[in-house]
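For reference, the chains in residue letters:
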Amino acid sequence: MKVDNEQMAAYDETETFCEKIQQQRVKSGDILGWDLWSLQPGGEIQGFQYLTVSLYNDPVKMMDGSSWENLWERAKAAYPNMTEEDITTKINGSAKTRDLAARIFAHEIATTTGSSPNEMVLGTVAQIDMMKVALEHYNTYENAEEKVFQPLHQKAVDSGEKISWGLIRFINPIGSDTYASHMTVSMFKDYNQALNQNINYGKGATPAKTKQMQEGIAARDLKFVYMAQLIRMAC
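Description of the structure in this document. What you see is a predicted model, and the numbers here were worked out from it, not measured in a lab. (Residues numbered from 1 in each chain as written. Predicted model: local features only at pLDDT ≥ 70, side-chain atom pairs only at ≥ 80, totals over all residues. Heavy atoms only, no water.)

**Points about the overall build of the protein**
Line of reasoning, step 1. Helix and strand counts for the protein stand at 7 helices and 7 strands.
Line of reasoning, step 2. Secondary structure elements of the protein occur, N-terminal to C-terminal, as α-β-β-α-α-α-β-β-α-β-β-α-α-β.
Line of reasoning, step 3. Taken over C-alpha atoms, the radius of gyration comes to 19 Å for the protein, in line with the 18 Å a tight globule of 235 residues would show.
Line of reasoning, step 4. Taking all 235 residues of the protein together, 39% fall into the buried category.
Line of reasoning, step 5. Within the protein, counting contacts between residues at least 6 apart in sequence, those at least 24 apart form 78% of the total.
Line of reasoning, step 6. Of the roughly 13,100 Å² of accessible surface on the protein, 51% is carried by carbon and sulfur atoms.
Line of reasoning, step 7. Measuring between centres, the 23 positive side-chain charges of the protein sit 4 Å from its 30 negative side-chain charges. (Helix = DSSP H or I, 4+ residues; strand = E, 2+ residues; numbered from the N terminus. Rg over C-alpha atoms; globule rule 2.2 N^0.38 Å. Buried < 20%, exposed > 50% of the residue type's maximum accessible area, 1.4 Å probe, protein only. Contact = heavy atoms within 4.5 Å. Areas by Shrake-Rupley, 256 points an atom, 1.4 Å probe, with all protein chains shown as cover. Lys, Arg positive; Asp, Glu negative; His and termini not counted. Charge placed at Lys NZ, Arg CZ, Asp CG, Glu CD.)

**Focus on the pattern of salt bridges**
Line of reasoning, step 1. Under the criterion given, the structure shown has 6 salt bridges.
Line of reasoning, step 2. Its salt-bridge partner being Glu-142, residue Arg-169 comes within 2.8 Å of it at the nearest N-O pair. Here the residue Arg-169 occupies a position in strand 5 (residues 164-172), and Glu-142 occupies one in helix 5 (residues 138-158), the gap between them amounting to 27 residues.
Line of reasoning, step 3. With a relative accessible area of 6%, Glu-142 lands in the buried category.
Line of reasoning, step 4. Taking the shortest distance from any N to any O, the salt bridge between Asp-221 and Lys-223 comes out at 3.7 Å.
Line of reasoning, step 5. The exposure class of Asp-221 is partly exposed, given its relative accessible area of 41%. (Salt bridge = Lys/Arg side-chain N within 4 Å of Asp/Glu carboxyl O.)

**Comments concerning the pairing of strand 5**
Line of reasoning, step 1. Judged from the 6 bridges that link them, strand 3 (residues 105-111) and strand 5 form a sheet pairing that is antiparallel. Its bridge partner lying in strand 5, Thr-111 is registered against Gly-166.
Line of reasoning, step 2. Two elements, strand 5 and strand 6 (residues 182-188), share 6 bridges in a ladder whose sense is antiparallel. Looking at the pairing, Ile-168 lines up with Met-183 of strand 6. (Pairing = 2+ DSSP bridges.)

**Things to note about unusual backbone geometry**
It is generally the case that most residues other than glycine have a negative phi and that most peptide bonds are trans.
Line of reasoning, step 1. A cis geometry characterises the amide bond from Asn-172 onward to Pro-173, with omega recorded as 5°.
Line of reasoning, step 2. Tracing the backbone through its elements, the reader meets Pro-173 in the loop between strand 5 and strand 6.

**Some points on helix 3 (residues 71-78)**
Line of reasoning, step 1. When helix 3 is considered as a whole, its buried residues turn out to be Arg-74, Ala-75 and Ala-78. An end-on view of helix 3 places all buried positions within 100° of arc, on one side of the element.
Line of reasoning, step 2. The elements touched by buried residues of helix 3 are helix 1 (8-27) and helix 4 (84-93). (Arc of directions from axis to C-beta.)

**Notes on the packing of helix 3 against helix 4**
Line of reasoning, step 1. Interaxial distance between helix 3 and helix 4 falls to 11 Å at its minimum, and their mutual angle equals 115°. Classified by the angle between their axes, helix 3 and helix 4 sit roughly perpendicular to one another. Along this stretch, helix 3 crosses helix 4, giving a crossing that reads as right-handed. When helix 3 is examined against helix 4, the residues Trp-72, Ala-75 and Lys-76 are found in contact with a partner set consisting of Glu-84, Ile-87, Thr-88 and Ile-91.
Line of reasoning, step 2. For the contact of helix 3 with helix 4, the per-class residue count stands at 4 nonpolar, 1 polar and 2 charged. (Axes fitted to C-alpha atoms, helices over the stretch in contact; angles between N-to-C directions. Parallel < 35°, antiparallel > 145°, perpendicular 65-115°, else oblique. Left-handed = near helix turned anticlockwise from the far one by under 90°. Nonpolar A, V, L, I, M, F, W, Y, C, P; charged D, E, K, R; others polar.)

So, in structure tokens, the structure goes:
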């Protein structure tokens, strides 16, 4: 989400209102969960100040819009004492507080194990690395992430240095004109843990692993790194 500086207070009111509706969507099975993240750096030249994430267990349901068919019923359940006119005004007015700068449909293709979903609480910090990989190099890049980097992140999770790590591939949009095709997301309990992470990517590497690592790095363009903090959630 891109929010003008003078709209920050209004946008916060919008998300306060929407959070209860998202809770009803989770309760009714429309989605698995919903998060709102504050992005750092958050200046207007970065293009985005906030990120919302909706979690699905079905990619078709994610993309065909069917999970939004009962939005009105979810809003009424969230706000039973509001009139239909007031709910409509609130929903229609939400678009005026922010610009939906980009929408990405994506699928997590690799992740560490051992962390509990309950570890992600308000204040959780995420490092989001945006990568662009040419279609013909997807296998090279993804194999390096899964075979070389994922085990290192798993060790960090096992030792309590981070909550989790995941590799995400974009489903749509894709292609040469898009900004990115993949992202990796590392979760931390707070900024102190995030800023003090220390993974030695070369420790114990065999010549074959080193070659695979170098090929994976060469196959992708690291476009941008965001830090994000979880400020609202429905689960």
